[in-house]
Protein chains: 2
Amino acid sequence: MKMSNGVEWALHCCVSLSQATSPVPVARFAELHGVPTAYLAKQLQALSRAGIVRSVPGPSGGYRLTRAPSEITVLEVVEAVDGREPPFRCTEIRRRGPLALSPESCAKPCAVARAMASADAAWRGALADVTVADLGRSIDTDSSGTAMRELRGWLSGAG
Amino acid sequence: MKMSNGVEWALHCCVSLSQATSPVPVARFAELHGVPTAYLAKQLQALSRAGIVRSVPGPSGGYRLTRAPSEITVLEVVEAVDGREPPFRCTEIRRRGPLALSPESCAKPCAVARAMASADAAWRGALADVTVADLGRSIDTDSSGTAMRELRGWLSGAG
DNA sequence: GCCCTGTTACTCGGATAGTCACTGTCCGAGTAAGGGTGG
DNA sequence: CCACCCTTACTCGGACAGTGACTATCCGAGTAACAGGGC
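Residues numbered from 1 in each chain as written. Chains lettered and ligands numbered in written order. Predicted model: local features only at pLDDT ≥ 70, side-chain atom pairs only at ≥ 80, totals over all residues. Heavy atoms only, no water.

### Digging into the relation of the copies chain B and chain A
Worth spelling out the cut-off: Alignment of copies: least-squares fit on C-alpha atoms of residues with pLDDT of at least 70 in both copies. Should any heavy atoms of two residues lie within 4.5 Å, those residues are counted as being in contact.
Superposing chain B onto chain A takes a rotation of 180° plus a shift of 0.0 Å along the axis, which leaves an RMSD of 0.1 Å. The superposition operator between the copies reduces to a two-fold rotation axis. Scanning chain B for the C-alpha nearest the rotation axis identifies B:W123, at a separation of 2.5 Å. A share of 100% of the interface residues of chain B reappears at the interface of chain A, consistent with the copies meeting face to face through the same patch.

This is the structure we're talking about:
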């Protein structure tokens, strides 16, 4: 079970975007984070489809957030990039073999699927409790309050 | 992010094993669940390496549980089959690019990694709260108390 | 009848190909900025 | 000097190859059961 690395990139891009005052193009993010430009664009497109960011075409265009950073949860970003389907998918093996259950006996998900779904809900709940604004504050605290200021300066400067 | 289907098979096998009184070979499980024998064997081998089941070679051999079903958590089975590494792996992009942090500033995991680790801990905690015995009871309840009895009968019979 | 021995066949275990999703990349459509021209 | 228009170049967006992990499979090593022979 491996999560796409694009999730990490997308989250850092959202934090960076929360400090930007004008649209930021993909190339700028790629330079800032040291990742491939074209592949990073794929992740930003996913965020755009999910309505988390909005694309501005043409010169001086790029991406901007559609909402306040405090209104964007980590879960939304993860689901936008990695998909909304849960990692575990029940294949209904209880309906197969010599002890197969009748279809009408399978109205409820089986016990295994319920346990996995419960854990998945706990995972999503934890991710939904953290917002992009929270991430920015945590990063700022780790750097003694310099990270967000340096980020704003770099985004405003020529690069 | 896709979890191996072997996890589902392994969990159902553990529940079945909890009702067996003698070692059960892989072929029997494959017939019961309607899955490929050779690939299912791979999952049972993983359980064996993790110490959840014990293999008995030779005629009338197979697999048996090493502990009581109430002492085997779903988390153990998931980790045995799917691996213990968390789905999210931080690539430390904060150390790269024009605003790269110094190595000594990265003693703690970054905020993004902490948020993902917290969610992962919640996921594992939920899985650790359910045991194989719990799964068996739930399946029995869903079938009005006939599933485990039929399972014991089939495992004892010639198949 | 009981014990020993050799055969037998059944078990697991790791090493070996095939397929799907993630990774990485490219070029085309669309658009706003900027400069030039005319009024 | 101002407004309009054209060129320009910069943006995103979806479509196209490469790689690693999951899927599926096979054959060999080891061992307990079983049958046969000897005591």
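### Some thoughts on the pairing of strand β1 (residues 53-56) of chain B
Residue and element names in this part refer to chain B. Stated precisely, the cut-off is as follows: Two strands are said to pair when DSSP picks up at least two bridges between them. Each helix corresponds to a stretch of at least 4 residues labelled H or I by DSSP, and each strand to a stretch of at least 2 residues labelled E; elements are numbered beginning at the N terminus.
Alignment of β1 against strand β2 (residues 62-65), held across four bridges, turns out to be antiparallel. Across the sheet, V53 pairs through a bridge with L65, a residue of β2. Between the end of β1 and the start of β2, which pair antiparallel, lie five residues, with G58 showing a positive phi angle near 85°.

### Remarks on the interface of chain B and chain A
This is how the line gets drawn: Buried surface area refers to the total accessible area, computed with a probe of radius 1.4 Å, that the two partners give up upon joining, counted for both partners together. For this analysis, a salt bridge means a side-chain nitrogen from Lys or Arg found within 4 Å of a carboxyl oxygen belonging to Asp or Glu. Residue classes follow a fixed rule: Ala, Val, Leu, Ile, Met, Phe, Trp, Tyr, Cys and Pro count as nonpolar, while Asp, Glu, Lys and Arg count as charged, and any other residue, Gly among them, counts as polar.
Contacts between chain B and chain A engage 48 residues on the former and 48 residues on the latter. Between chain B and chain A the total buried area reaches about 4400 Å² when both faces are included, carbon and sulfur atoms providing 69% of it. Counting the contacts that link chain B with chain A gives four salt bridges. The partner of A:R114 in a salt bridge is B:D142, and the shortest N-O contact between them spans 3.1 Å. Listed by contribution, the elements that provide at least two residues to the side of chain B that touches chain A are α1 (6-17), α2 (26-33), α4 (74-82), α5 (111-128), α6 (132-142) and α7 (147-156) of chain B. Residue composition of the side of chain B that touches chain A, by class: 29 nonpolar, seven polar and 12 charged.

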